[in-house]
Amino acid sequence: AQSVAQPEDQVNVAEGNPLTVKCTYSVSGNPYLFWYVQYPNRGLQFLLKYITGDNLVKGSYGFEAEFNKSQTSFPLKKPSALVSDSALYFCAVRDGNSNSGYALNFGKGTSLLVTP
Amino acid sequence: SAVISQKPSRDICQRGTSLTIQCQVDSQVTMMFWYRQQPGQSLTLIATANQGSEATYESGFVIDKFPISRPNLTFSTLTVSNMSPEDSSIYLCSAAQANNEQFFGPGTRLTVL
């Protein structure tokens, strides 16, 4: 079984400050981890992924995430938040063992609000 | 990255009717999926659309209620049958090559009266 936990329903941050959106995962095999963003009345947009290699991955719009195997975490970060970053963020995981299928398990989402 | 389109983008339907949602990908992909996002909720996988064979459904979803077709590598349909207000959701199509990220369509917002 695989699952994702996003413990924060909402994160508030002032523009220009760093932001972090938390994510922890549970998977029996190798974790393939993803972050997506959803703007109001829009579909999901891919931000970044961790499959293998460097634990720090960089993605779109200046976002990055750090894979931490010992803590089973994959928090999303950005050094300086923009008002336009305000959206709903989803962490997702799947088991890298191909026998487990390719579908994603999503967290419940975290609403990010960046204030001017 | 793949560009995915869905039709219709939204619809308001009467109880007991059925709606077919179309998903078109601009390139051949290995995997296609259908998700449901109920109001204020996360995404729940309905099924994996298999090219040329029956879809693989997740627990709680059945073919009679959500028949799916995938006649080729770039197109799939999801039908929501005998609709009730509880089926009001956003339905999202996604596509991926094996071991790569999934790309999502813009979604179909369904309201059932």
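Notes on the structure in this doc start here.

Calculation rules
Residues numbered from 1 in each chain as written. Chains lettered and ligands numbered in written order. Predicted model: local features only at pLDDT ≥ 70, side-chain atom pairs only at ≥ 80, totals over all residues. Heavy atoms only, no water. Helix = DSSP H or I, 4+ residues; strand = E, 2+ residues; numbered from the N terminus. Buried < 20%, exposed > 50% of the residue type's maximum accessible area, 1.4 Å probe, protein only. Contact = heavy atoms within 4.5 Å. Areas by Shrake-Rupley, 256 points an atom, 1.4 Å probe, with all protein chains shown as cover. Lys, Arg positive; Asp, Glu negative; His and termini not counted. Charge placed at Lys NZ, Arg CZ, Asp CG, Glu CD. Salt bridge = Lys/Arg side-chain N within 4 Å of Asp/Glu carboxyl O. Disulfide = S-S within 2.5 Å.

A few words now on the overall build of chain A. Scanning chain A from terminus to terminus reveals 0 helices and 12 strands. Of the regular secondary structure in chain A, the N- to C-terminal order runs β-β-β-β-β-β-β-β-β-β-β-β. Counting the 116 residues in chain A, one finds 48% classified as buried. Residue pairs at least 24 apart in sequence account for 57% of intrachain contacts in chain A once pairs closer than 6 positions are excluded. Surface exposure of chain A reaches about 5500 Å², of which carbon and sulfur atoms provide 47%. Within chain A, the 8 negative side-chain charges are centred at a point lying 4 Å from the centre of the 9 positive side-chain charges.

Using the criterion set out here, one finds 5 salt bridges over all chains in the structure. Put simply, Glu64 of chain A and Lys58 of chain A hold a salt bridge, and the shortest N to O gap is 2.8 Å.

Counting across every chain of the model gives 2 disulfides over all chains. A disulfide bridge connects Cys23 of chain A with Cys91 of chain A, and the sulfur atoms are separated by 2.0 Å. For the disulfide bridge between Cys23 of chain A and Cys91 of chain A, the dihedral angle about the S-S bond is near -65°, and by the sign convention the bridge is left-handed. Remark: Cys91 of chain A occurs in strand β10 (residues 87-95) and Cys23 of chain A occurs in the loop between β3 (19-21) and β4 (24-26); sequence separation between them is 68 residues. Across a sulfur-sulfur distance of 1.9 Å, Cys23 of chain B and Cys93 of chain B are joined as a disulfide pair.

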